[in-house]
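# Fold and geometry: a report
Chain residues, written in single-letter form:
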Amino acid sequence: MPDTALDPFDPFDPFASAAVITMARQGRMPRPLDLPAALRPRDVVQAYAVQDLVVRERGEIAGWKVGAASHQALPARAALTRDSVWVAAGDGAVRLPTAGFAVLGVEAEWVYGLRADLPPRAAPYSPAEVLAAVGSVRAGIEVCDTRYAAWGQQDEWSRLADQACHGALIVGSGTEDVEALDAMAQSVVLTINGAVAAQSAGWNNPAGDPLRLLTWLANVGAHSLGGLQAGQWVTTGSCTGTILVAPGTTVVADFPGLGHAELKLA
């Protein structure tokens, strides 16, 4: 992430943009949202400024999402507030009310659970130091949503400002034997109402090694919101692509040898 300082001579107002997105998220204005051109961020600095304001208004940070378009691409992140993170009890299912969602897009994801803080510091954390702060790896399901008028039709900065299309994160079962895992060899099966909707015999995330994403988040991405903290969850992008579903659907993300997450959309 580049220098996060806004240009003081730029007329863009991140507070006005964040207020509109926040009201849409809280149901205090009609959805879907057509964000006026003057309130659309024009670069990554403006997008994160808006996103951070939205997150601070929504409450305590319970997790993060981080991803990248390719192995070489600069990652992008969104902070997730406690009202959108659901942790399953054991192997049980999470029942998610869908009232207020505009879109229900589901993805199987690899989720890190942090057991130690990784606060901002001058010297970058090594991947080994970051991995040592991980207490568990879990199977997860992200539910994607949008506050905007059309799914996938906005520019990248508007999507990033809106918490990168985040709707909810479901954290399922997993393991605390973190160092024994090989993400790049991990297979996954995503089922929708009992039928296989997507599967992969190996790692199928364009960003590559999820530890690269977590290390970037610790060293750069999370700094403007105080860094990473113990107890937070970090989901590292889709292993199956996004599949649009309807209320009443049951979704299971199975990571053989790791764990599974089950979601019932009410």
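Structure shown above.
Before going into details, it helps to say that this report is about the structure given with it.

Rules used in this analysis
Residues numbered from 1 in each chain as written. Predicted model: local features only at pLDDT ≥ 70, side-chain atom pairs only at ≥ 80, totals over all residues. Heavy atoms only, no water. Helix = DSSP H or I, 4+ residues; strand = E, 2+ residues; numbered from the N terminus. Expected span 1.5 Å × (residues − 1). Buried < 20%, exposed > 50% of the residue type's maximum accessible area, 1.4 Å probe, protein only. Contact = heavy atoms within 4.5 Å. Polar contact = N/O pair within 3.5 Å; in protein donor to acceptor, adjacent residues only side chain to side chain. Phe/Tyr/Trp six-rings, centres within 6.5 Å; stacked < 30°, edge-to-face > 60°. Lys NZ or Arg CZ within 6 Å of the ring centre and 35° of its normal. Salt bridge = Lys/Arg side-chain N within 4 Å of Asp/Glu carboxyl O. Pairing = 2+ DSSP bridges. Axes fitted to C-alpha atoms, helices over the stretch in contact; angles between N-to-C directions.

## A closer look at helix α1 (residues 14–25)
Taking 1.5 Å of rise per residue, 12 residues should cover 16 Å, and α1 covers 16 Å from first to last C-alpha, within 8% of that figure. Of the residues making up α1, those classed as buried are P14, S17, A18, V20, I21, T22, A24 and R25. Close packing links the buried residues of α1 with α2 (44–58), α4 (156–161) and β7 (166–175). Where α1 begins, the side chain of D13 points an oxygen toward the backbone nitrogen of F15, at a separation of 3.0 Å.

## Considering the packing of aromatic side chains
By the definition in use, this model includes two aromatic pairs. Centre to centre, the rings of W110 and Y112 are 6.3 Å apart; their planes meet at 80 degrees, and the pair counts as edge-to-face. A single burial state applies to W110 and to Y112, both of which are buried. For the pair W110 and W203, a centre-to-centre distance of 5.4 Å together with 90 degrees between the ring planes defines the contact as edge-to-face. Highlighted residues: W110 in strand β5 (residues 105–114) and W203 in the loop between β9 (195–200) and α5 (210–221), separated in sequence by 93 residues. Residue W110 is classed as buried on the basis of its relative accessible area of 2%. Given a relative accessible area of 13%, W203 falls into the buried group. One aromatic cluster is present, formed by W110, Y112 and W203 through successive ring pairs. Sitting above the plane of the Y125 ring, R121 keeps its charged end 3.9 Å from the centroid.

## Side note on the pattern of salt bridges
Scanning the model with the defined rule gives 10 salt bridges in all. When the shortest N-O distance is used, the salt bridge between D145 and R147 registers 3.3 Å. The burial state of D145 is the same as that of R147; both residues are buried. In this structure, the salt-bridge partner of K264 is E262, at a minimum N-O distance of 3.5 Å.

## Some points on the sheet that holds strand β4 (residues 94–96)
Across a sheet, strands are paired by hydrogen bonds formed along the backbone, either parallel or antiparallel in direction. The strand order across the open sheet built from five strands is β4-β13-β12-β8-β9, with neighbouring strands paired in mixed fashion. Looking at strand neighbours, the two that pair on one side only are β4 and β9, the edges of this open sheet. The mean angle between the axes of side-by-side strands here comes to 20 degrees, regardless of whether they run parallel or antiparallel. Taken together, the six bridges between strand β12 (residues 250–255) and strand β13 (residues 259–265) define a ladder with antiparallel strand orientation. Note that in β13 the partner of V252 across the bridge is E262.

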